Amino acid sequence: MPDSVALPGEPVLEVVSPDGARRFARVTQTPFHIGRGAETGNHLQLSDRRISRNCAAIVTEANRFYLEDRGQRRGLFVNGEKIESRELQNGDAISFGLEDSYEIIFRNSTGTGSDDESIPHLLTRIEHITASEPTGSGGLRKLNLLLEATTLLHSQLPLDSVLGTMLDHAVSVTDADRGLLLEGDNPANLKVRLARRSGGLRLPPESLTPSQTAISLALKQRSPVITEDLAQTGMDLAAAQSIVAQRLRAVVVIPLYANLRANTQESMINVKRGEFLGVLYMDSRRPAAFSKLDRQILDALAADAASILDNARLVERERERQRMEQEINIARDIQQALLPRDFREFPHLAVSGINFPCLSVGGDYFDVFPLSDRRTAFLIADVSGKGLGAALLTTMLQGALSGMTLGTDPARVFNHVNRFLCSHSEVGRYATMFFGILDQDGELDYINAGHPSPFLIRHGVAEEPFTEGSYPVGLVQEAEYVTARVKLEPGDTLILFSDGVTEAMDPGDELYGVPRLREVLTGQSNCALDKLQKSILESVENFAKGAHQADDLTLLIVRYRSTPAVAMTDTDISSSAAAHQPASSDSDPGSNSLNAEPALQPTLPTANSAAPGSASNTAKPVPSAETIAPKVS
């Protein structure tokens, strides 16, 4: 990647997620890389598997910004037009040839930015307001208030200062005794944010009692309520308790909505309303006379107040999103750090594994850890659901199961964890798991807790011998977990996977399925584990054709290899060092052939076959060749 340099002017990318959520990313350096994941150095990371890892870049040339296609598989588009390289203009929409994926809006405040455009917009607004009415000295004063209020939109003053000045102007235009700005996510949850009286004096919000009848009426009809003399208005409003108690004669209530656009000739009629933001409220004990100019200026002030509130809410949401993203990134780093890395060399097995969460954090995990010099444990787990909740449970399970290094019986641990989760039903999650302990002699003790059967590759044939087992952990209180035992031959390879592999979908929602995985694995007995893992991932990715996936994808590959017998020539040699001394094997080279050994026929537990600590929890012998016919030919 070329060296990045700081940009003097920083445009902003407005990133619209498939679910409609919005966030903002500053273009702080060039080239600015866009794509899936962070491993290729992307500055803007998009979590959609259909988007290429090396997707696009924003570069600068002669103080202009250009978008370049860096390998997006379905093409890169600006305003619906496919491009290879194109200069970006303010407001350009960037997409990736996908209907339900991200859209990026390029925002550039340099050059002819919004500040420059606000002046002609303001002059047009004033022209419409004054076209049908002579202003006189009072009208010019009020237009000056509008000019000041609009200028505030582009100031760097604190938010409450801008809103307070806006409210003061509204009170001045209406000659009201007092004014309120009420804010809330919905009409039933309004709170006073600012309170003013005439002359720009602050009022304690708790001392005010706005007319709830007038506010309810404005919210019900979704348009302003402006009364000049309550003595002349309808009895419902005139008889309202708060109006009578406070001897009010004039009330103005204007609902505020995001993306407010009013027809200046028809005041608040034909308005396009977005999200509800709050209410602008003013009242007076004197009757008022509102001219058409007054009403239009009120409309304009309300639109500006709504814009300020809307922008403030977006900024607050962006800050909250950034905070949550930071916390999720920490959780992701912790979760990834707990996964095995740089697999150590075990004398009797080789291991490879990988995890791809479909979100920043996921509910899949795998682990490999030694129990002694002769025995090694491995497992794969898939927690129901995704995201932070599933990630928390995977971390708890990983900690609980790692306690087996202290010598605890696996079945007892599984039974304890299952009862613990079931007794905390509010957690609302369970986990499928496959857990195995493999010793140097090829004896595999395992527990299958509702997980898809791992594949066994023996002499190039891929089979699913672990199809039975018990319930997922945390699903059934009465479930009892017991271990079963099978015998592996040198060279046998186990493929453990989560359902993110077999349930991967193509653009037509067809599942990848078990048969396709078996086809990839067949004939792979002598393939290096990293190449085997790559073959599986490429097969799934080619099948998906970039379609967005809804589940985590995890693989764990374990291959048993024989350990030569150790010839001890010195009693002082430690057992760990002796394990590496060459010695002749007592085994018959022909004993590894399929004809000499019975096929894999595990003795499998049922959900309620034994209580914890009973004799059936111990490892069971492999059936003899005289009683069971081989399954693999």
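Note that the coordinates shown come from a computational prediction; the quantities given were computed from them, not determined experimentally.

Chemist: Please explain a nonpolar patch on the surface as it appears in this structure.
Modeler: Side chains of I330, I334 and L338 sit close together on the surface and give an oily, nonpolar patch of about 260 Å² of accessible area. As for its placement among the helices and strands, L338 is situated in helix α7 (residues 292-338).

Chemist: Help me out: how do you make sense of the sheet that holds strand β22 (residues 375-383) in this one?
Modeler: Hydrogen bonds along the backbone pair up the strands of a sheet, which may run parallel or antiparallel. Read from one edge of the open sheet, five strands run β21-β22-β23-β24-β27, paired in antiparallel fashion. Of all strands in the sheet, those bounded by a partner on one side alone are β21 (364-370) and β27 (484-487). On average, each strand axis in the sheet is inclined to that of its neighbour by 20°, with strand direction left out of account. One ladder, built from four bridges, connects strand β24 (residues 443-449) with β27; its direction is antiparallel. Paired with D445 across the bridge in β27 is R485.

Chemist: Just checking my understanding: could you explain the environment of G500 for this structure?
Modeler: Among the secondary structure elements, G500 is positioned in helix α10 (residues 499-502). Classification of G500 as buried rests on a relative accessible area of 4%. Those residues in contact with G500 that sit more than four places away from it in its chain are D551, D552 and L553.

Chemist: What should I look at first to understand the packing of aromatic side chains in this one?
Modeler: Each aromatic ring pair is specified by the distance between its two centres and by the angle formed by the two planes. A full pass over the atoms with the stated rule returns nine aromatic pairs. Geometrically, the ring pair formed by Y446 and F466 is edge-to-face, given 4.9 Å between the ring centres and 80° between the ring planes. Here the residue Y446 occupies a position in strand β24, and F466 occupies one in the loop between β26 (461-463) and β27, the gap between them amounting to 20 residues. Here F466 falls in the buried class, since its relative accessible area comes to 0%. One aromatic cluster is present, formed by F414, F435 and Y481 through successive ring pairs.

Chemist: How should unusual backbone geometry be read in this particular structure?
Modeler: For residues that are not glycine, phi is negative in most cases, and the peptide bond is trans in most cases. A cis amide bond, omega -5°, links T30 with the succeeding residue P31. Within the secondary structure layout, P31 lies in the loop between β4 (29-30) and β5 (32-35). Positive phi is not limited to glycine here, since D509 has a value of about 65°. Of note, the phi angle at K545 is positive, near 55°, even though the residue is not glycine. Within the fold, K545 resides in the loop between α12 (529-544) and β29 (553-560).

Chemist: I tried to follow the confidence of the model for the protein on my own but got confused; where do I start?
Modeler: Do not read the predicted coordinates in detail wherever pLDDT is low. Mean pLDDT for the protein: 75, with 73% of residues reaching 70 or above. Across the protein, element-level confidence peaks in strand β28 (residues 493-497) with a mean pLDDT of 96 and bottoms out in helix α13 (residues 575-578) with 35. Contacts of residues 1-8 to residues separated by more than four positions or lying in other chains number 20 contacts, the stretch itself having pLDDT below 50. Under a pLDDT of 50 for its full length, residues 260-272 has, in the predicted model, 24 contacts with residues more than four places off or in other chains.

Procedures and definitions
Residues numbered from 1 in each chain as written. Predicted model: local features only at pLDDT ≥ 70, side-chain atom pairs only at ≥ 80, totals over all residues. Heavy atoms only, no water. Patch = residues over 30% accessible without salt bridge, like charges linked within 9 Å, V, L, I, M, F, W, Y side chains within 5 Å. Areas by Shrake-Rupley, 256 points an atom, 1.4 Å probe, with all protein chains shown as cover. Salt bridge = Lys/Arg side-chain N within 4 Å of Asp/Glu carboxyl O. Helix = DSSP H or I, 4+ residues; strand = E, 2+ residues; numbered from the N terminus. Pairing = 2+ DSSP bridges. Axes fitted to C-alpha atoms, helices over the stretch in contact; angles between N-to-C directions. Buried < 20%, exposed > 50% of the residue type's maximum accessible area, 1.4 Å probe, protein only. Contact = heavy atoms within 4.5 Å. Phe/Tyr/Trp six-rings, centres within 6.5 Å; stacked < 30°, edge-to-face > 60°. pLDDT = per-residue confidence, 0-100.

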